[in-house]
Amino acid sequence: MSLANSKFVIDGSRRKAFLKALGSAVFGAVGFWMTGTSGTSRHPTWEIHALGWFVVVAMAANLVSAMLASVQPNRLVIDSTGFRVKRCFRSECSYRWEDIDRLWVFQSKASRTVRFVVWTYTPESGLVTPVRRGRDYDGWLPAAWTLSVDEVAAELSAAKTRALSQG
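Note that this is a predicted model, so its numbers are computed, not measured.

Undergrad: For this particular structure, what's the right way to read the pairing of strand β2 (residues 75-79)?
TA: The element β2 is largely enclosed, with a buried count of 4 among its 5 residues. Relative to strand β3 (residues 82-86), β2 is paired through 4 bridges, and the arrangement is antiparallel. Bridge pairing links Val77 to Arg84 in β3. Taken together, β2 and the strand that follows it, β3, pair antiparallel across an intervening segment of 2 residues.

Shown next, in the form of structure tokens:
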């Protein structure tokens, strides 16, 4: 099969966006509840109210993000030249296989559930920055796809291998 005209499309998951919205609404409600409670011997009222309002604002932003992602989900298009990512209401970003050195699934040290596909650039690409802000990778994909993070990484790696072996 020639990869020249074929492409593989992975859409963002509306179900995951809905779950994110639901979680944000629940935590936002808890934050709102905190704004009306009185203090304790360890924490004065103003601290609890400030924390409550912080939670409300953060969860409202997260809720808006999740609602937008359910209206226009992210889209990942993989083809013989590389891959393109269209994020919710943002411009499309393109990445060429020749510029990608390594792809893998990154797992946060703080949480086993925080996992996403990351990559490093080849030195020849000219895209490698001397400071990666403490990270071991140059780029990353958002995690809320209709496929699992491992399946997305496998599709990207397989397409990269096929494309570079043909060209």
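Undergrad: Hey, could you run me through the nonpolar core in this one?
TA: If you look at soluble globular proteins, the nonpolar side chains tend to sit buried side by side. Counting residues in each nonpolar core, the largest one holds 20 residues, and the members touching the most others are Leu76, Phe83, Leu141 and Leu156. Broken down by element, this core gets its largest block of residues, 6 residues, from helix α3 (residues 149-166). Sequence-distant contacts of Leu156, that is, excluding residues within four places in its chain, are made with Ile78, Phe83, Trp97, Leu103, Val117 and Leu141.

Undergrad: I'm lost on the environment of Ala144 in this one. Help?
TA: When you line up the elements, Ala144 lands in the loop between β7 (139-140) and α3. On the accessibility criterion, Ala144 (35% relative accessible area) is partly exposed. Distance from Ala144 to Gly12, taken between C-alpha atoms, is 5.7 Å for residues 132 residues apart in sequence. When neighbours within four sequence positions are excluded, Ala144 is seen to be in contact with Gly12, Ser13 and Lys16.

Undergrad: Please clarify how the side chain of Asp99 should be interpreted in this entry.
TA: One can find Asp99 in the loop between β4 (92-96) and β5 (100-107). The buried category is assigned to Asp99, whose relative accessible area is 12%. When neighbours within four sequence positions are excluded, Asp99 is seen to be in contact with Thr120, Tyr121, Thr122, Ser125 and Leu127.

Criteria and thresholds
- Residues take numbers from 1 onward in each chain, read along the sequence in its written order.
- Owing to the predicted nature of the model, reporting of local features is limited to residues with pLDDT of at least 70; listing and counting of side-chain atom pairs is limited to 80 or more, with chain, interface and lining totals taken over all residues.
- Working from all heavy atoms in the structure, the side-chain values ignore hydrogens and water.
- Relative accessible area decides the class of each residue, using a 1.4 Å probe on protein chains only: under 20% of the type maximum gives buried, over 50% gives exposed, and in between gives partly exposed.
- By definition, any uninterrupted DSSP run of H or I lasting at least four residues is a helix, any uninterrupted run of E lasting at least two residues is a strand, and each is numbered from the N terminus.
- Strands are labelled as partners when DSSP assigns at least two bridges between them.
- Throughout this description, the term nonpolar core refers to a set of buried Ala, Val, Leu, Ile, Met, Phe, Trp, Tyr and Cys residues connected via side-chain atoms within 4.5 Å.
- Any two residues whose heavy atoms approach within 4.5 Å at even a single point are treated as in contact.

That is the geometry; function is a separate question.
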